[in-house]
Amino acid sequence: MLDPRYLRDVPEGIAEYFDELETRILKDIARRISQNDYMMTSTAEYQMHKLEELGVSMSEIEQAISEVLNITDTKVKEIIHDSSYRSVQKDNDMAKAAGVEPPHPDLTQAILNGIRSTNAEIRNICNSMATAANMAFERALDQAYLSVSSGAFSFADAVKTAVNDLGKNGIRWIDYPTGAHRRADSAIRNALRTGVNQTAARCQEQNLDEMDCNLVETTSHMGARPEHAKWQGMLFWRKTPVNGLQNFYEATGYGTGAGLCGWNCRHNFFPNFDGELSFEHYDEEANAKQYELDQEQRYNERKIREWKRRQAVNKAGGVDNTREAKKVREWQKRQADFLKKYPDMKRNYARESISNRKVMLGSSAGGKANNAAGILIEKIDMKHVDNYIHKYENEIKDLPVEHSYVLQADGKVFHYTGDKKSVRFDEANLKDAIILHNHPILEDVETNSFENDDFWFLQNYGLVIDKLRATYGNLRYEVKVLKDISSIDYDSYMYGDIGTALMYGEIEGDIHELIFKQLDKEGYIKYVKSKAK
């Protein structure tokens, strides 16, 4: 048996990668649109440049998807393997409790088939995503070019409109014969939840056959879709008819996409040996009410992610994002008010996030960093590391693109070169390393502390590295992670009390610096700002 709560949560980690991937691709497209320098050319020249740009874009989109798949393929394998054995073990525990000796079937082939089919479905989604992303880029380019060439809009206005529409529409593709559209994270959630449940169910069936178990009971949960609520938490026969009970396959639709363990279903089943229900059946009226509440929460989460994505895309395209930031706060407040009204429902910040997991630093998660392969500079004596930190930071403090020095625990120093917005160091040994990087100087900006991209890096690697440092002219910033921050939602600080107080003039300062100071106060990190001597 797989618990409905487990099936609810099991796809989240994987889905987040694809939600982040979509935002990364959209930000890169927005950046490319804003940096185009051929909008004023002839149609023929524009078409030539566009084809070249689309080719480069498609290559980078495919590379970004490949990077995510390299991570998720292994994770999907682990999830399906563990969940299948988890479900069978729970069934066997029930058998032992009833005095039945559980079998030990060979589940290898069923699990391998489940892994293959689920990963194949995810790859199909990614193929559709790549095509749809390039089509979105082409539409945005054509929209901007036609607006400028017609004389109706300036280049700046055309870019603004194209980027706004890009953020609003995102990357979508036709997923069903009905023409319904699905986003990547939603499609991945459905594919993984279905793959996990169906693979586990096949293993359970094999196990039940070997123990010659005829009766099964379906799991139940509040908020079930109405057509599933009719048979949840009930007893059925599988092989031999029993008076007063329905056929398991006919009543539940098990084995069909719309039935038990079908598309996006959170129900499962388990053996029953005494003919008595194990759980109380949920009241259908209460279940229907909970279903509506769950749907409203999911809707709020989608709108929060949508406006965060639109804000990120506008920012990457150099378009004002004040309205988008305001909308994020409005929907977060709506979500908070909704959950306050229904305190039994819990907030899931992960489903409101579009954070980035890339092994990189900077404000351009979707941009291409120029060099992910480091150059070995020298090997230093770590006893004198402070002197070397001072030396390296002086070298990069005024450079126009981001650079990083990774001072490994063994004394080896690697230099990485990025672009104006980010720097990558995918191959670095980060264990106990000290990482230095610069923030390029911005006109009329006096301070430039760590930002959300730096924080997302720290969420993944903060407890691995020794510390992270940033330079901005003569300013120096340092952060050391003291305890796990992986579950902290940075946006809840940015758009919560701190962001609101800053917006209304109740406090002053750089929003990111204020957040890092607050995290320091709460004991999560040690944050220090200083001036170079």
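Residues numbered from 1 in each chain as written. Predicted model: local features only at pLDDT ≥ 70, side-chain atom pairs only at ≥ 80, totals over all residues. Heavy atoms only, no water.

The next point concerns the sheet that holds strand 13 (residues 467-472). Strands pair in a sheet through their backbones, by hydrogen bonds, and they do so in one of two ways: parallel or antiparallel. Pairing is mixed across the open sheet formed by 7 strands, whose spatial order is 8-10-9-12-13-14-15. Here the strands that pair on one side only, and so sit at the sheet edges, are strand 8 (375-379) and strand 15 (525-531). For this sheet, the mean angle separating the axes of adjacent strands, direction not counted, is 20°. Across 4 bridges, the pairing between strand 9 (residues 403-407) and strand 12 (residues 434-438) is antiparallel. Of the residues in strand 12, the one forming a bridge with Tyr 405 is Leu 436. Most of the contacts of helix 12 (residues 452-461) go to strand 13, to which it runs at about 165°, and overall it touches strand 12, strand 13 and strand 14 (475-481). (Pairing = 2+ DSSP bridges. Helix = DSSP H or I, 4+ residues; strand = E, 2+ residues; numbered from the N terminus. Axes fitted to C-alpha atoms, helices over the stretch in contact; angles between N-to-C directions. Contact = heavy atoms within 4.5 Å.)

Per the stated rule, a full pass over the model turns up 18 aromatic pairs. Relative to Tyr 254, the ring of Tyr 249 has its centre 5.9 Å away and its plane inclined at 50°; by these criteria the two rings are tilted. Tyr 249 gets classed as partly exposed once you look at its relative accessible area, which sits at 25%. For the ring pair Phe 516 and Tyr 527, a centre distance of 5.7 Å and an interplane angle of 45° mean the geometry is tilted. One end of the pair, Phe 516, is in helix 15 (residues 511-521); the other, Tyr 527, is in strand 15, and 11 residues separate them in sequence. Grouping residues by exposure puts Phe 516 and Tyr 527 together as buried. If you follow Arg 310 out to its NZ or CZ, it ends over the ring of Trp 307, 3.9 Å from the centre. Between Lys 483 and the ring centre of Tyr 524, over which it is positioned, the NZ or CZ distance is 4.8 Å. (Phe/Tyr/Trp six-rings, centres within 6.5 Å; stacked < 30°, edge-to-face > 60°. Buried < 20%, exposed > 50% of the residue type's maximum accessible area, 1.4 Å probe, protein only. Lys NZ or Arg CZ within 6 Å of the ring centre and 35° of its normal.)

With that settled, consider the nonpolar core. Among the nonpolar cores identified, the biggest contains 53 residues, and Phe 18, Leu 21, Ile 25, Ile 33, Leu 166 and Val 196 are the most heavily contacted of them. Looking at this core, the elements with two or more residues in it are helix 1 (4-9), helix 2 (12-35), helix 3 (43-97), helix 4 (108-149), helix 5 (155-169), helix 6 (184-210) and helix 9 (284-316). It is helix 4 that provides the largest number of residues to this core, a total of 14 residues. Sequence-distant contacts of Val 196, that is, excluding residues within four places in its chain, are made with Leu 2, Tyr 6, Leu 7, Ile 79, Ile 80 and Ser 83. Core analysis: the second largest hydrophobic core is formed by 34 residues, Val 479, Val 481, Phe 516 and Ile 525 among them. (Core = buried A, V, L, I, M, F, W, Y, C linked by side-chain atoms within 4.5 Å.)

Here we come to the side chain of His 415. Position of His 415 among the secondary structure elements: in strand 10 (residues 412-417). There is a polar contact of 2.9 Å between the side chain of His 415 and the side chain of His 403. Those residues in contact with His 415, other than ones at most four positions away along the chain, are Gly 374, Ile 375, Ile 377, His 403, Ser 404 and Tyr 405. (Polar contact = N/O pair within 3.5 Å; in protein donor to acceptor, adjacent residues only side chain to side chain.)

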